Amino acid sequence: MGTLSVVVCFLALCILQNVSCDEVLVEVAQGLLSGEELVTVTGDSTYFSFKGIPYAKPPIGELRFKAPEEPEPWEGVRNASAHGPVCPQIDLLNNIYIPGDEDCLFLNVYSPNLKPEKPLPVMFFIHGGGFKFGSGNVDLYGPDFLVPKDVILVTMNYRLDTLGFLNLGTKEVPGNAALKDQVLALKWVQKNIHVFGGDNQQVTLFGESAGATAVGYHLVSPMSKGLFQKALLQSGAPNLDCFIEYKSVERAETLAYLINNNTAVQSEDLLSFYQSLPVDSLLNRTSYLVASEEITHVIFKFTPFTPVVEKDFGQERFITKDPYEYLDSGEVNTVDLMMGYNAKEALLMIPFYVGQNYSYINRYKRYPEMLVPSKILVHSTSDVVLELGERIKDFYFGNKTIDEENMPEFITFNTFAILVYDVHRFIRRWPRVGKVYFYKFNIVTSRSVYSKLGEPYGINGSSHFDDLFHEFQPTSLNMTLTKDSKEYDLVQIFPTIVTNFAKYGNPSPDSSLGFEWPQFDTKNLAYVNIEPSLTVGSAPDDEHIRFWKTVFDYAGFDF
C-alpha cells in the first residue's frame with residue numbers, strides 16, 4: 001500500500017471511528033495502532049508510547065497452560081494509549097490479590113523517534129516478581145530515564161504462577177509456557193520493531209530478579225537463538241534456590257489432589273481438571289511433597305512451579321537439560337553479557353523475616369537445615385545437611401544467635417544464600433563467546449524504597465529491587481525528579497551504563513565515565529562498583545564466594 005493510500009485510509013478511519021488524527025499512528029503486522037507522545041518525568045524530553053499491544057492469542061479456555069499462539073489481526077485502529085490487563089496474581093510483597101485477566105499477553109513499546117536516520121537499539125525488559133507477580137506496566141517500569149538516551153524500550157506481561165509454569169509431563173503441557181510467552185514476544189519484536197524506529201539486530205534482553213533468571217534461560221534456550229544480541233542480568237540467574245525444579249509433575253498431581261478435596265485426579269484428566277478451575281484457586285498455592293518442606297521452604301526460598309527441563313514429546317522444547325550443562329558444554333547463544341547484583345539484596349525480606357504474620361527468622365534459629373541451599377537440601381543425606389548447616393552458621397554468625405538482634409549478620413547471610421553466590425556461579429561458568437561485564441550496585445537515594453528497611457538495624461546498602469528505581473520511573477510510587485535536584489545525577493548513572501551497553505556493547509564506550517570498564521574473566525574477576533563514584537575492582541565478595549564453594553564441594557556438587 002502506497003503512502004497516499006495509507007493516509008487516505010487513516011483519515012477515513014478517523015472520521016468513521018471517531019479517532020483523533022492528532023494521535024500517533026503506526027502499522028504493525030496485526031493492524032493499525034494509535035499511540036501518543038508523552039513527556040518524561042523530568043520534563044526535558046518527549047517519547048512515543050504504544051501500550052497494550054497483544055503479541056499472542058488470549059491463553060484462555062483450551063489454550064490455558066499451553067504454549068502461546070500467534071496473535072490475531074484486528075480491524076480498524078487499535079487504541080494503544082492504555083495498558084492491557086495484567087495477568088492474575090497475588091502481589092507477595094503487599095499481600096494483595098490482583099484478579100487481572102487471563103487475556104493478559106500484551107507488550108508496550110516506547111520510542112524516542114519513530115523515523116530516526118539510523119534504526120535505534122532495542123532494550124527488551126522482563127519483569128521480576130518470583131514468577132508469581134508483576135507486569136511490564138509503568139506502575140514500576142516507566143521509560144523516562146532509558147528512552148531519552150536513544151534506545152527503544154519494550155516491556156511485557158507473561159503468564160505467572162501455575163498459569164505460566166504448570167508441568168503435567170505431557171506434550172500439551174510440558175512446562176515453561178511463560179518462557180515461551182517471552183519467546184513469542186521477542187519474535188513479535190523481530191517482525192515489528194522497525195515501524196517504531198528500531199533495529200531488530202540490536203536487541204538487548206534484560207531483566208531483574210525472576211526476570212534476570214528468565215534471561216539466563218534464554219541465554220541457553222534453542223528457542224531463543226538469534227532473537228537478541230546482548231543480555232543484561234540484574235540480581236538473578238538460573239537455578240536460584242527459590243526456582244529449583246524438583247518433581248514438578250508430582251507437585252501438579254499433589255496440588256490437584258488438594259484442590260479436589262483430597263481426592264486424586266487421574267493423570268489423563270488432569271488437564272481438563274485444571275482448565276475447569278477458577279483462576280484464583282491456582283494462585284500462590286503450595287504443593288509440598290514431604291512434610292519437612294512446610295518448614296524449610298519459605299517465601300523466596302521455594303516456588304512449586306518454575307522453569308523445567310522439558311521432556312521430549314515431539315514439541316519444540318524451551319530447554320532440554322540443566323542450564324549449567326549448557327554452560328559447561330559451551331552450548332549457549334552467542335551474545336555479549338552484562339551481569340550484577342545489589343550490595344544488600346535481602347533487605348527487601350525484613351518484613352517477612354520478623355513481621356507479625358511471618359517471623360521466619362525463628363525457623364532458621366530452630367532448624368539448621370534452613371541455612372542450606374535447596375539445591376543441596378533435596379539431594380543430600382541428613383548428616384551432610386546438618387554438618388553444612390553448622391558450617392554456614394559458624395561462618396555468618398559465629399557465637400551469635402540467629403535472631404532479630406543480629407539482623408545485620410542475617411541479611412548478609414541471606415544476600416548470598418538466596419542470590420549472590422548463584423550470580424557468581426553463573427558468570428564464572430559463562431563461556432567466552434562474547435564480551436562480559438560485571439558490576440555491584442550500591443547507590444542509595446530517597447528512591448531506595450526497600451533499602452530503608454535496614455535503617456532500624458543500622459544496615460546500609462542497596463536492596464533487591466532498588467536498582468530498578470534508578471533505572472525506571474515507577475509511576476505508582478509518586479516519585480518526582482527534577483534536573484536541579486541533588487539526586488538527578490545519581491539517577492542518571494545506571495541508565496547511562498545500561499544504555500551504553502545496549503548501544504555499543506560496552507558500558508564505557510568513551511571517556512565520559514572517567515575510566516575504561518574492564519571485561520570480566522575467570523582470571524581477573526574484574527568488576528565495577530556502581531556507587532556515587534564508580535570504581536574498578538577485582539573479585540567482589542571473594543571471601544563469601546570461596547566459602548560457598550567449600551559448601552558445594554562438601555556436598556559433592558560443582559560450584
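Computed from a prediction, not measured in an experiment: that's the story for all the values here.

On the surface, L140, V449 and L477 cluster together to form a nonpolar patch covering roughly 190 Å² of accessible area. In this fold, V449 is placed in the loop between β13 (436-441) and α15 (488-504). Of the residues examined, V449 reaches a relative accessible area of 31% and is grouped as partly exposed.

Taken as a whole, this structure holds five cavities of 30 Å³ or more when the rule is applied. By volume, the second largest cavity is sized at about 80 Å³. Residue classes in the lining of the second largest cavity are distributed as six nonpolar, three polar and three charged.

Take the confidence of the model for the protein chain next. Looking at the protein chain, the pLDDT average stands at 93 and 96% of residues meet or exceed 70. When pLDDT is averaged over each helix and strand of the protein chain, the minimum, 39, is found for helix α1 (residues 3-17) and the maximum, 99, for strand β9 (residues 152-156). Below pLDDT 50 for its whole length, residues 1-21 participates in 17 contacts with residues either more than four positions away or in separate chains.

One pass over the full model with this rule turns up 38 aromatic pairs. Measuring from centroid to centroid gives 6.2 Å for Y324 and F426, while their planes differ by 85°, and the two rings are edge-to-face. Here Y324, found in helix α9 (residues 323-329), pairs with F426, found in helix α14 (residues 407-429); they are 102 residues apart in sequence, far enough to count as distant. F426 matches Y324 in its accessibility class, with the two residues each being buried. With a centroid separation of 4.8 Å and 75° between ring planes, the pair formed by F395 and Y396 is classed as edge-to-face. Given a relative accessible area of 28%, F395 falls into the partly exposed group. Judged by its relative accessible area of 7%, Y396 is buried. By the ring-pair criterion, three or more aromatic residues cluster together here, those being Y353, Y364, F395, Y396, F397, F410, F413, Y421, F547, W548, F552 and F559. Of note, R78 hangs over the ring of W74, and the distance from its end group to the ring centre comes to 5.4 Å.

Here the focus is the packing of α14 against helix α16 (residues 542-555). The geometry of α14 relative to α16 is characterised by a closest axis approach of 10 Å and an angle of 85° between their N-to-C directions. Looking at the two axes, α14 sits roughly perpendicular to α16. Each of T412, F413, F416, A417, Y421, H424, R425 and R428 in α14 lies in contact with α16, whose residues at this interface are D542, H544, I545, W548 and F552. Residue classes in the contact of α14 with α16 are distributed as seven nonpolar, three polar and three charged.

Examined against the element boundaries, T303 turns out to sit in the loop between α8 (293-296) and α9. In this structure T303 comes out as buried when scored by relative accessible area, which is 6%. Setting aside anything within four residues of it in sequence, one finds T303 in contact with G130, K132, C242 and F243.

Take unusual backbone geometry next. Even without being glycine, F65 reaches a positive phi, approximately 75°. On the secondary structure map, F65 appears in the loop between β3 (46-54) and β4 (77-79). Judged by its relative accessible area of 3%, F65 is buried. Backbone geometry places N95, a non-glycine residue, at a positive phi of 55°. Classification of N95 as exposed rests on a relative accessible area of 59%.

All right, on to helix α5 (residues 210-218) then. Here α5 lies mainly inside the structure; nine of its nine residues are buried. Those residues of α5 lying buried are A210, G211, A212, T213, A214, V215, G216, Y217 and H218. Residues of α5 that are buried make contact with β8 (120-126), α4 (177-192), β10 (198-208), β11 (230-234), α9 and α14.

Time to look at the nonpolar core. F196, Y274, I530 and W548 are the most contacted members of the largest nonpolar core, which has 169 residues in total. Looking at this core element by element, the count peaks at 13 residues for α14.

Below, the discussion takes up the pattern of salt bridges. This model, assessed by the stated rule, comprises 21 salt bridges. Between E293 and R251 there is a salt bridge; the shortest N-O distance is 2.8 Å. With a gap of 42 residues between them, E293 in helix α8 and R251 in helix α6 (residues 248-259) connect regions that are remote in the sequence. On the accessibility criterion, E293 (3% relative accessible area) is buried. For D336, the salt bridge goes to K435, with nearest N and O atoms at 3.9 Å. Of this pair, D336 sits in strand β12 (residues 336-342) while K435 is found in the loop between α14 and β13, placing the two residues 99 residues apart along the sequence.

Our focus in this paragraph is the state of the cysteines. Applying the stated rule across the entire model yields one disulfide. Note that C87 is cross-linked by a disulfide to C104, the S-S spacing being 2.1 Å. Between C87 and C104, the disulfide has an S-S torsion of 90° and is therefore right-handed. With C87 in the loop between β4 and β5 (89-91) and C104 in the loop between β6 (96-98) and β7 (106-111), this residue pair connects regions lying 17 residues apart in the sequence. Free of any disulfide, C242 has its nearest cysteine sulfur in C87, 19 Å distant. On the basis of relative accessibility, which here comes to 7%, the residue C242 falls in the buried class.

Now for the environment of R159. Its location among the elements puts R159 in the loop between β9 and α3 (161-165). Linking R159 and P59, residues 100 residues apart in sequence, is a C-alpha distance of 8.8 Å. Only 2.8 Å separates the side chain of R159 from the backbone oxygen of K66, close enough to count as a polar contact. Side-chain polar atoms of R159 contact the side chain of D181, separated by 2.7 Å.

For β10, a buried count of nine out of eleven residues is recorded, marking the element as mostly surrounded by other parts of the structure. Across five bridges, the pairing between β10 and β11 is parallel. Looking at β11, one finds that L205 is bridged to A231. Crossover β10 to β11 through α5 is right-handed.

Conventions adopted
Residues numbered from 1 in each chain as written. Predicted model: local features only at pLDDT ≥ 70, side-chain atom pairs only at ≥ 80, totals over all residues. Heavy atoms only, no water. Patch = residues over 30% accessible without salt bridge, like charges linked within 9 Å, V, L, I, M, F, W, Y side chains within 5 Å. Areas by Shrake-Rupley, 256 points an atom, 1.4 Å probe, with all protein chains shown as cover. Salt bridge = Lys/Arg side-chain N within 4 Å of Asp/Glu carboxyl O. Helix = DSSP H or I, 4+ residues; strand = E, 2+ residues; numbered from the N terminus. Buried < 20%, exposed > 50% of the residue type's maximum accessible area, 1.4 Å probe, protein only. 1 Å grid on protein atoms, 1.4 Å probe; cavity = no way out; pocket = protein on both sides within 12 Å on 5 of 7 lines; lining within 4 Å. Points joined across faces, edges and corners; volume = space filled by probe spheres on them. Nonpolar A, V, L, I, M, F, W, Y, C, P; charged D, E, K, R; others polar. pLDDT = per-residue confidence, 0-100. Contact = heavy atoms within 4.5 Å. Phe/Tyr/Trp six-rings, centres within 6.5 Å; stacked < 30°, edge-to-face > 60°. Lys NZ or Arg CZ within 6 Å of the ring centre and 35° of its normal. Axes fitted to C-alpha atoms, helices over the stretch in contact; angles between N-to-C directions. Parallel < 35°, antiparallel > 145°, perpendicular 65-115°, else oblique. Core = buried A, V, L, I, M, F, W, Y, C linked by side-chain atoms within 4.5 Å. Disulfide = S-S within 2.5 Å. Polar contact = N/O pair within 3.5 Å; in protein donor to acceptor, adjacent residues only side chain to side chain. Pairing = 2+ DSSP bridges. Right-handed = clockwise from strand over helix to strand, strands pointing away.

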